[in-house]
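Examining the three-dimensional arrangement
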Amino acid sequence: MKIATWNVNSLKVRQQHVMDWLQQSQVDVLCLQELKLPNEKFPCAEFEAAGFKCWFAGQKTYNGVGILVRKGIAVDETNIVRNIPGFEDPQQRVIAATVEDMRIVSAYFPNGQAVGSEKFAYKMRWLDALHDWLGAEMKIHPKLALLGDYNIAPDDRDVHDPKAWEGQNLVSPEERAHFVRLVELGLTDAFRQFEQPEKLFTWWDYRMLAFRRNAGLRIDHILLSAELAAKCSACEVDKVPRKWEQPSDHAPVVATIG
DNA sequence: ATGGCTAACGCGGTTAGA
């Protein structure tokens with residue numbers, strides 16, 4: 001079973017990229033972020049025709065998350081969760097579904113804008129709420145995977161220029177402490193379970209020829225509970241779609257379970 | 001040098017991303 005996450009930065013613009021990548025990557029579950037479209041505009045019929053069922057929580061213009069699951073794989077329709085239960089939020093950033101025996105969570109963490117800003121304070125509140133909900137969720141679903149755009153680079157290895165970025169939004173100690181708290185729930189960073197090339201990132205700014213210079217950050221992650229981490233045999237970043245015409249600024253991340 | 005590019009909204013320039 002291959003599970004993946006991809007911030008597509010507008011599903012309207014990236015629909016064909018997602019279709020092409022589903023075909024090439026042969027993933028079974030794809031978590032999407034930054035759909036940037038309302039639910040009525042989600043191209044469900046097109047994904048259905050390509051052999052995938054879809055669940056999503058969209059909104060106009062911003063945010064929006066979804067989960068695509070290859071047909072033939074069992075999904076429990078009765079316990080889809082949208083947003084963090086108990087955390088009142090008009091921004092659509094979380095959707096969870098039970099796929100076979102795995103709890104799959106697709107999450108678009110707040111960006112935070114700048115340390116100390118109102119948006120950063122919202123990011124901290126959101127992270128607290130996510131942490132508490134996941135703690136409870138993992139008791140019900142021991143096989144849990146949290147996939148998404150975390151907007152946190154957990155380590156200096158995940159930053160192209162750690163000196164320039166020191167203390168900034170996305171790498172600040174406060175954000176990294178939240179990442180550690182998620183890990184301390186019993187989650188493992190699938191990417192770091194395996195030998196990886198140096199300076200492999202998942203996001204590169206559209207500006208400054210950042211992709212060509214590999215001036216990126218690793219901010220998209222797959223965290224696995226112990227039972228899933230034990231069965232995980234690979235985790236890779238696929239940089240190829242970032243090279244396509246009119247790409248998302250994020251690359252997909254894939255984990256192989258089993 | 002805090003910009004540089006891209007997308008949404010909507011039709012010009014603002015907001016947001018990371």
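As the structure is a prediction and not an experimental result, all values here were calculated from the model. (Residues numbered from 1 in each chain as written. Chains lettered and ligands numbered in written order. Predicted model: local features only at pLDDT ≥ 70, side-chain atom pairs only at ≥ 80, totals over all residues. Heavy atoms only, no water.)

Remarks on the sheet that holds strand β8 (residues 144-149)
Pairing within the open sheet is mixed, and its 6 strands lie in the order β5-β6-β7-β8-β12-β9. Two strands lie at the open edges of the sheet, namely β5 (75-82) and β9 (187-189), each paired on one side alone. On average, each strand axis in the sheet is inclined to that of its neighbour by 20°, with strand direction left out of account. Its contacts with the sheet put helix α5 (residues 173-184) on β8, β9 and β12 (220-225), and the angle it makes with β12 is roughly 25°. (Pairing = 2+ DSSP bridges. Helix = DSSP H or I, 4+ residues; strand = E, 2+ residues; numbered from the N terminus. Axes fitted to C-alpha atoms, helices over the stretch in contact; angles between N-to-C directions. Contact = heavy atoms within 4.5 Å.)

Some points on the nonpolar core
In terms of nonpolar packing, the biggest core is built from 38 residues, with I3, I67, V69, I104, I222 and L224 touching the most fellow members. Here I104 is in contact with I3, V29, C31, I67, I95, A96, A97, V99, A145 and L147, once residues within four sequence places are set aside. By size, the runner-up hydrophobic cluster in this structure holds 26 residues, among which are I84, F120, M138 and L187. (Core = buried A, V, L, I, M, F, W, Y, C linked by side-chain atoms within 4.5 Å. Buried < 20%, exposed > 50% of the residue type's maximum accessible area, 1.4 Å probe, protein only.)

Some remarks on the UniProt feature "site: Transition state stabilizer" (unreviewed entry) in chain A
The UniProt entry lists N151 under the feature "site: Transition state stabilizer" (unreviewed entry), expressed in the numbering used here. Mapped onto the elements, N151 comes out in the loop between β8 and α4 (162-165). The contacts of N151, once residues within four sequence positions are left out, are Y108, F109, P110, N111, K123, L170, E175 and I219. (UniProt positions renumbered as here; feature names shortened; annotations may be inferred.)

Some words on the environment of E46
With respect to the helices, strands and loops of the structure, E46 is situated in helix α2 (residues 44-49). We classify E46 as partly exposed; its relative accessible area is 39%. Spatially, the C-alpha atom of E46 lies 43 Å from that of A164, the residues being 118 residues apart in sequence. Sequence-distant contacts of E46, that is, excluding residues within four places in its chain, are made with Q15 and M19.

Side note on the UniProt feature "domain: Endonuclease/exonuclease/phosphatase" (unreviewed entry) in chain A
UniProt records the feature "domain: Endonuclease/exonuclease/phosphatase" (unreviewed entry) for residues 4-250 in the present numbering. As annotated, residues 4-250 has a helix share of 27% and a strand share of 27%, and its two end C-alpha atoms lie 13 Å apart.

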